[in-house]
Amino acid sequence: MEQLDGNEGTSAFHMPEWMIQFADQKQEFNKRPTKIGRRSLSRSISQSSTDSYSSAASYTDSSDDETSPRDKQQKNSKGSSDFCVKNIKQAEFGRREIEIAEQEMPALMALRKRAQGEKPLAGAKIVGCTHITAQTAVLMETLGALGAQCRWAACNIYSTLNEVAAALAESGFPVFAWKGESEDDFWWCIDRCVNVEGWQPNMILDDGGDLTHWIYKKYPNMFKKIKGIVEESVTGVHRLYQLSKAGKLCVPAMNVNDSVTKQKFDNLYCCRESILDGLKRTTDMMFGGKQVVVCGYGEVGKGCCAALKAMGSIVYVTEIDPICALQACMDGFRLVKLNEVIRQVDIVITCTGNKNVVTREHLDRMKNSCIVCNMGHSNTEIDVASLRTPELTWERVRSQVDHVIWPDGKRIVLLAEGRLLNLSCSTVPTFVLSITATTQALALIELYNAPEGRYKQDVYLLPKKMDEYVASLHLPTFDAHLTELTDEQAKYLGLNKNGPFKPNYYRY
């Protein structure tokens with residue numbers, strides 16, 4: 001792995017002119033439209049992740065709800081059929097949700113405005129596999145405004161907002177995704193994005209590594225024209241490092257997950273808010289006094305623990321890393337092994353990025369009505385496959401909520417079948433996703449425009465300067481005013497007055 005430094009060597013990150021102008025005028029970013037539009041929203045954004053709407057707001061055609069989108073013949077208003085979504089007629093509602101998200105993504109909207117004249121992604125053909133929500137729609141449309149052609153699939157079978165996917169398809173984006181895909185549908189959608197006549201991707205934006213894996217497995221020759229990969233998840237980054245270690249990584253890759261602006265904001269602050277949202281919507285539970293075990297005390301685990309503790313829950317933590325374990329102890333949490341508390345806890349939350357963290361043995365020993373859910377990217381943390389046996393009964397309670405019932409009548413409450421809770425069962429804070437999306441966009445621009453030889457076939461961390469830049473773009477929203485170093489202070493610290501302000505080894 002190589003760490004890029006904005007002040008060193010031939011691989012230095014060079015800020016283009018439009019970015020410099022962008023930074024100089026960032027006070028404009030916080031200006032928001034005073035007119036939202038003549039139409040009012042007929043439903044709250046909190047309902048966007050479910051398939052049930054009130055009769056006044058319903059735009060789900062119940063007559064074909066059970067029909068697979070793969071079996072439908074749909075065209076948008078321009079006559080294109082190069083997409084596969086649940087119902088293209090939902091596009092108008094999806095467009096309203098995207099417009100709401102735009103108001104909470106000031107830096108990304110400003111990037112679109114400032115850089116579209118230069119078109120830094122002109123000629124880029126980006127194939128993406130991420131959650132398809134209103135927030136990622138703003139990212140996709142920004143990439144399009146900067147000159148890129150995009151084709152997109154979903155990285156999670158439950159997180160797609162059908163109305164947003166329809167809005168993107170109506171706008172001309174080839175999108176292949178719908179909420180509730182089967183495993184076969186999931187891979188079919190990815191293949192439709194990649195395997196298309198007359199179109200060859202030259203950039204990959206991935207979340208989880210499934211798209212990258214599919215291209216390696218099915219279309220390895222495509223990497224001859226691909227300039228780079230941008231990956232944002234723990235799981236996907238781990239896969240990239242494995243490829244690099246084995247000498248099989250064919251192109252440069254940007255590790256967005258470990259950038260400060262992703263890990264310290266998306267992973268921590270986003271999960272701190274969305275864990276409560278997901279649990280409350282699915283179970284209507286009271287948190288005060290409940291006993292909860294959180295498996296993993298990385299940034300996601302820290303966010304979950306802080307939120308639950310603030311609500312009055314009794315929180316236990318499991319951890320393999322002694323440093324994270326000591327942090328949990330110093331934050332006031334009891335460090336345990338899962339076996340020690342599995343019989344008494346009311347909620348089990350996984351957020352490790354590992355596999356088989358909660359096994360069938362653990363599930364057998366849980367108390368009646370224990371809630372089990374996952375906040376990690378991958379669905380491998382809870383051994384859900386072990387629950388699909390003849391002696392256990394599955395009972396659907398509501399969307400993304402299942403009772404798994406043992407022969408003696410004991411039942412557990414399984415959320416989203418062990419997949420990512422917050423994006424499967426609720427929504428996430430748009431502003432935090434603006435930080436991540438802006439980082440992704442700049443990483444794509446950097447990799448795509450990098451001169452030959454700047455990046456080798458390895459995994460790179462984003463330059464510190466870029467992290468600081470993304471953070472600075474979001475400060476005007478809070479009417480925040482940075483203190484500036486004097487020349488004397490900068491000289492004393494050995495810093496450039498404009499940053500970077502911390503060395504690469506600094507841990508925030």
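Every value quoted in this text rests on a predicted model; they were computed, and no experiment measured them. (Residues numbered from 1 in each chain as written. Predicted model: local features only at pLDDT ≥ 70, side-chain atom pairs only at ≥ 80, totals over all residues. Heavy atoms only, no water.)

Student: What exactly am I supposed to notice about the pairing of strand S2 (residues 125–130) here?
Tutor: Regular strands have side chains that alternate between both faces of the sheet. Counting buried positions along S2 gives five out of six residues, so the element sits mostly inside the fold. Here S2 runs beside strand S3 (residues 149–154); their pairing, made up of six bridges, is parallel. Bridged to isoleucine 126 within S3 is cysteine 150. Between the parallel elements S2 and S3, the chain passes through helix H4 (residues 134–145) in a crossover that is right-handed. Here four bridges tie S2 to strand S5 (residues 203–206), and the two strands are oriented parallel to one another. Note that in S5 the partner of valine 127 across the bridge is isoleucine 204. (Buried < 20%, exposed > 50% of the residue type's maximum accessible area, 1.4 Å probe, protein only. Helix = DSSP H or I, 4+ residues; strand = E, 2+ residues; numbered from the N terminus. Pairing = 2+ DSSP bridges. Right-handed = clockwise from strand over helix to strand, strands pointing away.)

Student: Which parts of the structure should I look at to understand the packing of aromatic side chains?
Tutor: In total, this model carries nine aromatic pairs according to the counting rule given. Between the aromatic rings of phenylalanine 265 and tyrosine 269, the centroid separation amounts to 5.7 Å while the plane-to-plane angle is 45°, which identifies the pairing as tilted. One end of the pair is phenylalanine 265 and the other is tyrosine 269, both in helix H9 (residues 260–283) and four residues apart, which spans about a single turn. By relative accessible area, phenylalanine 265 is classed as partly exposed at 28%. (Phe/Tyr/Trp six-rings, centres within 6.5 Å; stacked < 30°, edge-to-face > 60°.)

Student: Mind showing me how you'd approach the pattern of salt bridges here?
Tutor: Pairing of side chains with opposite charge becomes possible as their charged atoms draw close. A complete count under the given rule lists 20 salt bridges for this structure. Aspartate 184 is the salt-bridge partner of arginine 70, the closest N and O atoms lying 2.8 Å from each other. In this pair, arginine 70 sits in the loop between helix H1 (17–24) and helix H2 (91–103) while aspartate 184 sits in helix H6 (residues 183–194), placing the two residues 114 residues apart along the sequence. By relative accessible area, aspartate 184 is classed as exposed at 51%. Glutamate 299 is the salt-bridge partner of lysine 264, the closest N and O atoms lying 3.0 Å from each other. (Salt bridge = Lys/Arg side-chain N within 4 Å of Asp/Glu carboxyl O.)

Student: What should I look at first to understand the UniProt feature "binding site: NAD(+)" (unreviewed entry) in the chain in this one?
Tutor: The UniProt record marks Gly298, Glu299, Val300, Gly301, Lys302, Gly303, Glu319 and Asn422 with the feature "binding site: NAD(+)" (unreviewed entry), using the residue numbering of this structure. Mapped onto the fold, glutamate 319 is located in the loop between strand S9 (314–318) and helix H11 (322–330). Under the relative-accessibility criterion, glutamate 319 is labelled partly exposed at 23%. Here tyrosine 297 takes part through its backbone nitrogen, which lies 2.6 Å from a polar atom of the side chain of glutamate 319. Here asparagine 422 lies in helix H14 (residues 421–425). Discounting residues that sit within four places of it in the chain, asparagine 422 has contacts with Cys271, Ser274, Met375, Thr427 and Val428. In this structure the side chain of asparagine 422 is engaged in a polar contact, spanning 3.0 Å, whose partner is the side chain of serine 274. (UniProt positions renumbered as here; feature names shortened; annotations may be inferred. Polar contact = N/O pair within 3.5 Å; in protein donor to acceptor, adjacent residues only side chain to side chain. Contact = heavy atoms within 4.5 Å.)

Student: Any chance you could explain H11 here in plain terms?
Tutor: Working note: α-helix, 3.6 residues per turn, so residues spaced by three or four point in the same direction. Taken as a whole, H11 has its buried residues at Cys324, Ala325 and Ala328. Buried residues of H11, seen end-on, are gathered within an arc of 105° and therefore sit on one face of the element. Counted as exposed and oriented over 90 degrees from the buried face of H11: Pro322, Ile323, Leu326 and Met330. Summarising the contacts, the buried residues of H11 are in contact with S9 and strand S10 (334–335). At the N-terminal end of H11, a side-chain oxygen is found 2.8 Å from the backbone nitrogen of isoleucine 323, two or three residues along, and the residue is aspartate 321. Directly beyond the C-terminal end of H11, a positive phi value near 95° is found at glycine 332. (Arc of directions from axis to C-beta.)

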